[in-house]
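Given next are the chains, with one letter for each unit.
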Amino acid sequence: MNYNIAVIEGDGIGPEIVNAAIEVLKLAGKKYKANFVFKKAKAGGAAIDYLGTPLPKETIQICLESNSVLLGAVGGPKWDILPGNLRPEKALLGIRKELGLYANIRPAKLLPELKTACPLKKEVADAGFDMVIVRELTGGMYFGENGRKNGPYGPEAFDTECYSEMEVERIGIIAFELARARGKKLISIDKANVLESSRLWREVIHKLGANYPDVQLTDMLVDNAAMQLVKNPKQFDVVVTSNMFGDILSDEASQITGSIGLLPSASLGETKRGMYEPIHGSAPDIAGQDKANPIATILSAAMMMRLSFSQEEAAQYIENAVSRVLAKGMRTADIALPGESVLSCSQMIKEILDELK
Ligand code: ATP
């Protein structure tokens, strides 16, 4: 099979980690007879410096013509002084919109080799956890009507949480399908005891549930979910929630795995084309120092093989190589415990590539 991959290195550590993922994909492609054509495109700060805009038209075109997008990270202090619509992060919203990506999929798994990095109680870490958070990405309060006005006590501001049945249904289908392919347990998180939008969310998810009798559906209020994530994370398999709740809970879930340098993510829509990126940012504090952990981006490439190209074996081949390298005790600085020896980014990449060869 031939696949066109749009590659956006982005800023900070972006180029080093994305190039690691490209090398990994090439080796996986060789083994599983997939031929990749990588086309580089600029977005974020790099595009601002080069063309004066965070998301050039040419980049959108390259993404639209691709089978999937591999992204490093965008942003950095250099561009923080720019107005909102010219900031590097605007590129991400633009790509999601142009590609119709409304579902963000974030696995959060505690690798047995890294239990000691988990900040939770030892018995909770020993039990382990392996969940996937499905976050609605293009609706809710971040996109609802907002504004300012004068109220009886002076200036007021408002943001509106609004979901249509269509928006809840399409994210719900992605979550149910994922749950069906995993542990057949779906937890839908809302605030239906207070919010009307959550009551609609719950109704739609339950209606959909009738089509998935093999998936056990449970509702959980968001405040309880925030507690349960640190108390008993093992109970979560697939989680589906709104844009804002997902934003907060997926960061909480990533923190309990020990390091943001390890976690991949995917953004999906109606088609198989997705955008794959590590959950971390451009880490400007370590950019250009060969210190970054490339694993989150390498695992994002594995997710691309699984979710966009339906190449499950190739995805596992990549994931297993990463696990074996970690099992051997190889650590970059972000996941090393005091006293453990530390690999540079390029050394970690070499270890993983050697494991794949
Ligand atoms: P953003 O708002 O884009 O998420 P941020 O500065 O808040 O940016 P990150 O860029 O993710 O967040 O960086 C947070 C911290 O984590 C930094 O100290 C950074 O060096 C570290 N970090 C992030 N990614 C990695 C990585 N892949 N390897 C090692 N350390 C990382």
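Quick note: structure is the one above.
Below is a short write-up of the structure. Everything numeric in this text was worked out from a predicted model, so none of it was measured. (Residues numbered from 1 in each chain as written. Predicted model: local features only at pLDDT ≥ 70, side-chain atom pairs only at ≥ 80, totals over all residues. Heavy atoms only, no water.)

**Let's talk about the pattern of salt bridges**
Rules: Whenever a carboxyl oxygen of Asp or Glu lies within 4 Å of a side-chain nitrogen of Lys or Arg, that contact is scored as a salt bridge. Under the DSSP-based scheme used, a helix requires at least four consecutive residues in state H or I and a strand at least two consecutive residues in state E, with every element numbered from the N terminus. Exposure is judged per residue with a 1.4 Å probe applied to protein chains only, and the accessible area is read against the type maximum: over 50% gives exposed, under 20% gives buried, and values in between give partly exposed.
Applying the stated criterion to the full structure yields 22 salt bridges. With its nearest N and O atoms 3.2 Å apart, the salt bridge here joins Asp251 to Arg106. Taken together, the residues span a long stretch of sequence, with Asp251 in helix H9 (residues 243-255) and Arg106 in strand S4 (residues 103-109) at a distance of 145 residues. What makes Arg106 buried here is its relative accessible area of 13%. Residue Lys191 is joined to Asp223 by a salt bridge in which the shortest nitrogen-to-oxygen separation is 3.0 Å. Separated by 32 residues along the polypeptide, Lys191 in the loop between strand S8 (185-190) and helix H7 (196-209) and Asp223 in helix H8 (residues 222-231) bring together distant segments of the chain. On the basis of relative accessibility, which here comes to 18%, the residue Lys191 falls in the buried class. A relative accessible area of 41% places Asp223 in the partly exposed class. Salt bridges linked by common partners bring Asp130, Arg182 and Asp237 together as one network.

**Considering the site of the ligand**
Put simply, the rule is: We call a residue near a molecule or strand when any one of its heavy atoms sits within 4 Å of it. Contacts described as polar in this section are N or O atom pairs within 3.5 Å, which, within protein, must combine one atom able to donate a hydrogen with one able to accept it, while residues neighboring in sequence count only if both atoms come from side chains. All accessible areas in this document rest on Shrake-Rupley with a 1.4 Å probe, and a residue is counted as covered only by the protein chains that are shown.
In the vicinity of the ligand, the residues found are Ile13, Ile260, Gly261, His280, Gly281, Ser282, Ala283, Asp285, Ile286, Ala292, Asn293 and Asp334. Between the ligand and the protein, one listed contact pairs an oxygen atom with a backbone N or O atom of Ser282 at 3.3 Å. Ala283 is positioned with one of its backbone polar atoms (N or O) 2.8 Å from an oxygen atom of the ligand. Across the complex, the protein chains shield 58% of the 610 Å² of accessible surface that the ligand would expose by itself.

**Topic: the sheet that holds strand S3 (residues 68-73)**
Under the convention used in this document: In this scheme, strands are said to pair when DSSP sees at least two bridges between them. To get an axis, a line is fitted to the C-alpha atoms, and for a helix only the part in contact is used. The angle between two axes follows their N-to-C directions and goes from 0 to 180 degrees. The contact rule is simple, with two residues in contact once any of their heavy atoms fall within 4.5 Å.
The 10 strands are arranged S2-S1-S3-S12-S11-S4-S5-S10-S8-S9 in an open sheet whose pairing can be described as mixed. Two strands bound the open sheet, and with one partner strand each, they are strand S2 (35-40) and strand S9 (216-221). On average, adjacent strands in this sheet sit at an angle of 25° to one another, irrespective of strand direction. Where strand S11 (residues 264-268) and strand S12 (residues 275-278) come together, 4 bridges link them in antiparallel fashion. Bridging across to S12, Ser267 finds its partner in Met275. In this fold helix H4 (residues 90-99) packs onto strand S1 (2-10), S3 and S12, with an angle of close to 155° to the strand it touches most, S12. Across the sheet, helix H10 (residues 295-307) lies against S1, S2, S3, S4, S11 and S12, angled at about 40° from S11, the strand it touches most.

**Describing a nonpolar patch on the surface**
Heads up, the rule is: Only residues above 30% relative accessible area that lack a salt bridge enter a patch, with like-charged residues linked at up to 9 Å and the nonpolar side chains Val, Leu, Ile, Met, Phe, Trp and Tyr linked at up to 5 Å.
Together, Leu93, Tyr142 and Phe143 line one region of the surface with nonpolar side chains, adding up to about 290 Å² of accessible area. Among the structural elements, Tyr142 can be located in the loop between strand S5 (130-136) and strand S6 (146-151).

**Re the packing of helix H1 (residues 14-32) against H10**
Just so we agree on the cut-off: By the definition adopted for this analysis, an angle is roughly parallel if under 35 degrees, roughly antiparallel if over 145, roughly perpendicular if from 65 to 115, and oblique otherwise. A clockwise turn of the near helix away from the far one marks a right-handed crossing, whereas an anticlockwise turn of less than a right angle marks a left-handed crossing.
Where H1 meets H10, the axes come as close as 8 Å, and the angle between the chain directions of the two elements is 45°. Judged on the interaxial angle alone, H10 and H1 are oblique. Taken as a pair, H1 and H10 cross one another with a handedness that is right-handed. The residues of H10 that touch H1, namely those facing Ile17, Val18, Ala20, Ala21, Val24 and Leu25, are Thr297, Ile298, Ala301 and Met305.

**What about the packing of H1 against helix H11 (residues 312-327)?**
What describes two packed helices is the angle between their axes and the distance between those same axes. Let me state the cut-off plainly: Under the grouping applied here, Gly and all other residues not named as nonpolar or charged are polar, the nonpolar ones being Ala, Val, Leu, Ile, Met, Phe, Trp, Tyr, Cys and Pro and the charged ones Asp, Glu, Lys and Arg.
The interhelical angle for the contact between H1 and H11, taken along N-to-C directions, is 135°, at an axis separation of 10 Å. Taken together, the axes of H1 and H11 are oblique relative to one another. Along this stretch, H1 crosses H11, giving a crossing that reads as right-handed. Residues Val24, Leu27, Ala28, Lys31 and Tyr32 of H1 pack against Glu313, Ala314, Tyr317 and Ile318 of H11. Its residues placed into classes, the contact of H1 with H11 shows 7 nonpolar, no polar and 2 charged.

**A few points about the pairing of strand S10 (residues 238-241)**
Covered by surrounding structure in S10 are Val238 and Val240 together with Val239 and Thr241, the residues of both alternating faces. With 4 bridges joining them, S5 and S10 adopt parallel strand pairing. Across the sheet, residue Val134 finds its bridge partner in S10, namely Val240. Across 4 bridges, S8 lies against S10 in parallel orientation. Considered in S10, the bridge of Ile189 is made with Thr241.

**Notes on the environment of Glu136**
By the secondary structure assignment, Glu136 is in strand S5. Not counting chain neighbours up to four residues away, the residues in contact with Glu136 comprise Tyr102, Tyr163, Arg170, Ile171, Trp201, Thr241, Ser242 and Asn243. Among the polar contacts made by the side chain of Glu136, one reaches the side chain of Tyr163 at a distance of 2.8 Å.

**Focus: the nonpolar core**
Stated formally: Residue types Ala, Val, Leu, Ile, Met, Phe, Trp, Tyr and Cys, when buried and joined through side-chain atoms within 4.5 Å, form a set referred to as a nonpolar core.
Ranked by internal contacts, the top residues of the largest apolar core, which has 71 residues, are Ile105, Val134 and Ile352. Counting residues per element, this core draws most heavily on H1, which supplies 9 residues. Counting residues in each nonpolar core, the second largest holds 21 residues, with Phe129, Met220, Val239 and Phe245 among its members.

**Here's the deal with unusual backbone geometry**
One non-glycine residue, Ala283, lies in positive phi territory at about 40°. Among the structural elements, Ala283 can be located in the loop between S12 and H10. With relative accessibility at 21%, the residue Ala283 sits in the partly exposed group. Even without a glycine there, the phi angle at Ser310 is positive, about 50°. When you line up the elements, Ser310 lands in the loop between H10 and H11. By relative accessible area, which is 51% here, Ser310 ends up exposed.

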